[in-house]
Amino acid sequence: MAQVLEFKLPDLGEGLTEAEIVRWMVDVGDVVAVDQPVVEVETAKAMVEVPCPYAGVVTARFGDEGAELPVGAPLLTVAVGATEPASPEDARSAGNAGNAGSAGDAGSGASQADEASGNVLVGYGTGARAARRRRVRPASPTVADRSASRAGGAAGPSGPRAADPSGPGAAGPVPGGTPGTSSAGREPVWDSAVESPAPDVPRGIPAMGDAALKPAPSAHEGPVAVISPLVRRLARDNGVDLRALRGSGPDGLILRVDVEHAVRARVGAAEQHVAAQPPVPAPVTATEPVTATETAPAAARGPAAGERIPLRGVRGAVADKLSRSRREIPDATCWVDADATELMVARTAMNAAGGPKISLLALLARICTAALARYPELNSTVDPDAREIVRISEVRLGFAAQTDRGLVVPVVRDAGNLTAESLTEEFARLTDRARQGTLTPADLTGGTFTLNNYGVFGVDGSTPIINHPEAAMLGVGRIVPKPWVHEGQLAVRQVVQLSLTFDHRVCDGGTAGGFLRYVADCVERPAVLLRTL
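Remember, predicted model here, so these are calculated numbers, not experimental data. (Residues numbered from 1 in each chain as written. Predicted model: local features only at pLDDT ≥ 70, side-chain atom pairs only at ≥ 80, totals over all residues. Heavy atoms only, no water.)

### Section: helix α11 (residues 360-374)
Helical geometry note: an α-helix holds 3.6 residues per turn, so side chains three or four residues apart project in the same direction. Convention followed: By the criteria applied, helices consist of DSSP H or I runs no shorter than four residues and strands consist of E runs no shorter than two, each listed in order from the N terminus. Given a helix with a known number of residues, its expected span is that number minus one, times 1.5 Å. Here's how the labels work: a residue is buried when its accessible area is under 20% of the maximum for its type, exposed when over 50%, partly exposed in between, all with a 1.4 Å probe on protein chains only. Between two residues, a contact is recorded if the distance between any of their heavy atoms is within 4.5 Å.
Taking 1.5 Å per residue as the helical rise, α11 with its 15 residues ought to reach 21 Å, and the 22 Å between its terminal C-alpha atoms agrees with that figure. In terms of residue burial, α11 counts as a mostly covered element, since 11 of its 15 residues are buried. Packed against the buried residues of α11 are α10 (341-352), β14 (397-399), α12 (420-436), β18 (449-452), β19 (472-476) and α13 (509-524).

Written out as structure tokens, the structure is:
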């Protein structure tokens, strides 16, 4: 008999909490093999084909193309052990039957061990995972709950499902809510290996606004189910009571997405409340004619004009990261004009000698790594919870790249030990992958310093926003001919503006000014760089 297993959206990279379904690669009823890609998703960092860790027949898919799913939400269910592909109707019937009898089949792991995935996904290992039955301690009922229970009679608070203690609803959790209890008082059991919710209700994800607008079943005492200090801080900054939330993580753990959903739900409820208030008409004098448009209620005039574009995908990730940088980092900016004529001459001489061409960005990156070796304070990050500055020995240099999908910042690993030629090759490789949308999360994370060449857009200067959690960013404007005093004479020289934005927690203005001055000296006299090579 086939066993129906649920495949959830795995953790696809550092800091990712959701993904958008771009393209389904299988249909209901298709036979899939272990590690076969089943869906293509777009995260805030890259396009990823997600492989399935099970082999069998697809019985259900959760989410249409274009839908956003949080990490841990069901993607599809697979009937493991089925030998023939089923029609969509049969597959759905098998999925329902598998869900109803999953508690009895959870202990049979022989077929699951044979079909185990060798692909390493977070939450899906290389060996067979036994179906664990996790017990969740039910919340103590309130006085109102007890009164409702007595008034409800034999049906109980859960309606007809709770009347039969042995029924499937007696010990199962309500998706996205708090697990119920049976009339016999037994502890509820969550079977995370084989339970499958309905396709339109992802299990474990609280409905928008449930956490913020509905009171908790009981004001329990004791610790709150939160591990991350960032989640506590986010809740505190937005005035969210963590005791009133129902966590969507394992064993009711409250995650960052739960707090964000609660904040959005509360804001939406406040906007609906304001919209529901009748407008207060202004006093009309006898000399002012009254038109039908002026007297019509605001709701009758329709929604406000303008196009609404969802902040999601790359655009949403950029918005979140820049907002967090502005909120958490006390930044400051200094800038200087530099004569880049000698640097341009040196680049021309390098490229005339034969071999691969050296890009200007690679020369600027080489100057940055040399400057960071002299001023390591700027190659660091701040740990606010420990109140410590963490200096990083390796320079992982990010560079801003504009693509059709938006702004991305690929990272060059160990940039301090690369030559200008190697840096040119790495910049070209990562830029090409960024334009194709094939950068992996590893290509986009872990940077320690960012180089932003906004001169390609034809502008001279900017005050860049630091790429959180880094401590500094160097901005480079366009190189244009300008009048300049050179060796006591007025001449036309190639001039560039350099700007440095830095985290004032890691250093003072003297360190930042020294870094920027050294970069400018290397741009004006490239021979200065030879002293440190």
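### A look at the sheet that holds strand β3 (residues 31-32)
This is how it is decided: Here, any two strands with at least 2 DSSP bridges between them count as paired.
An order of β1-β8-β6-β3 is seen for the 4 strands of this open sheet, with the pairing classed as antiparallel. Taken across any chain shown, the strands that pair with only one partner, and hence form the sheet edges, are β1 (3-8) and β3. In the sheet, β1 pairs with strand β8 (residues 74-80) via 6 bridges, with the strands oriented antiparallel. Within β8, the position partnered with K8 by the bridge is P74.

### Quick notes on the pairing of strand β12 (residues 380-383)
Where β12 and strand β13 (residues 388-391) come together, 4 bridges link them in antiparallel fashion. What sits directly across from S380, in β13, is R391. Counting the residues in the hairpin turn of β12 and β13 gives 4 residues, including R387, whose phi is positive at 55 degrees.

### A short note on the packing of aromatic side chains
The line we're drawing: Only Phe, Tyr and Trp rings take part, Trp by its six-membered ring, and two of them pair if their centres are within 6.5 Å. Stacked means planes under 30 degrees apart, edge-to-face means over 60, and tilted covers everything else.
For the structure shown, the criterion picks out 3 aromatic pairs. The interplanar angle of 50 degrees and the centroid separation of 5.7 Å between the aromatic rings of F449 and F515 together place this pair among those described as tilted. In this pair, F449 sits in strand β18 while F515 sits in helix α13, placing the two residues 66 residues apart along the sequence. With relative accessibility at 0%, the residue F449 sits in the buried group. What links up through ring pairs into an aromatic cluster is the set Y375, F449 and F515.

### Details of unusual backbone geometry
Each neighbour pair has its own omega, and for H468 with P469 the value is 10 degrees, a cis peptide bond. By the secondary structure assignment, P469 is in the loop between β18 and β19. A positive phi angle, near 50 degrees, is found at D414, a position not held by glycine. Its location among the elements puts D414 in the loop between β17 (411-412) and α12.

### Observations regarding α10
Here α10 contains 12 residues, and its C-alpha end-to-end distance of 17 Å stays within 8% of the 16 Å for a straight helix at 1.5 Å per residue. Contacts from the buried residues of α10 go to β11 (331-339), α11, β21 (489-503) and α13. With its phi angle positive at about 95 degrees, G354 sits one or two positions after the end of α10.

### Observations concerning the environment of L490
With respect to the helices and strands, L490 occurs in strand β21. With residues up to four places along the chain from it excluded, the contact list for L490 reads P483, W484 and V485.

### A word on the nonpolar core
Heads up, the condition is: Nonpolar cores are built from buried Ala, Val, Leu, Ile, Met, Phe, Trp, Tyr and Cys residues. Side-chain atoms within 4.5 Å join them into one set.
With 53 residues, the main nonpolar core has F449, L498 and V523 as its most contacted residues. Among the elements that line this core, the one with the most residues is α11, at 9 residues. Setting aside chain neighbours within four positions, we find L498 in contact with C334, W335, V336, A338, G475, V476, L516, V519, A520 and V523.

### A look at the sheet that holds strand β7 (residues 68-70)
This is how the line gets drawn: Orientation is described by axes fitted as lines to C-alpha atoms, over the contacting stretch for helices, and by angles from 0 to 180 degrees between their N-to-C directions.
Across the sheet, which stays open at both edges, the 4 strands sit in the order β5-β4-β2-β7 with antiparallel pairing between neighbours. If you trace the sheet from one side to the other, it starts and ends with β5 (47-52) and β7, each paired once. This sheet shows a mean twist of 45 degrees between the axes of neighbouring strands, independent of strand direction. In this structure, strand β2 (residues 18-24) lies alongside β7, joined through 3 bridges in antiparallel fashion. Of the residues in β7, the one forming a bridge with A19 is L69.

### With respect to the pattern of salt bridges
The line we're drawing: Salt bridge, as applied in this entry: a Lys or Arg side-chain nitrogen positioned within 4 Å of an Asp or Glu carboxyl oxygen.
A full pass over the atoms with the stated rule returns 15 salt bridges. For the salt bridge of E40 with R23, the shortest nitrogen-to-oxygen distance reads 3.3 Å. Taken together, the residues span a long stretch of sequence, with E40 in strand β4 (residues 36-42) and R23 in strand β2 at a distance of 17 residues. Beyond isolated ion pairs, a larger network of salt bridges with shared partners links D339, E342 and R493.

### With respect to the packing of α10 against α11
Going by this rule: The handedness criterion is simple: a crossing whose near helix is rotated anticlockwise from the far helix by less than a right angle is left-handed, and one whose near helix is rotated clockwise is right-handed.
Relative orientation of the contacting elements α10 and α11 amounts to 115 degrees, with a least axis distance of 11 Å. Handedness of the α10/α11 crossing: right-handed. Taken together, the residues of α11 that come into contact with α10 (itself represented by L343, M344, R347 and M350) are L360, L363 and L364.

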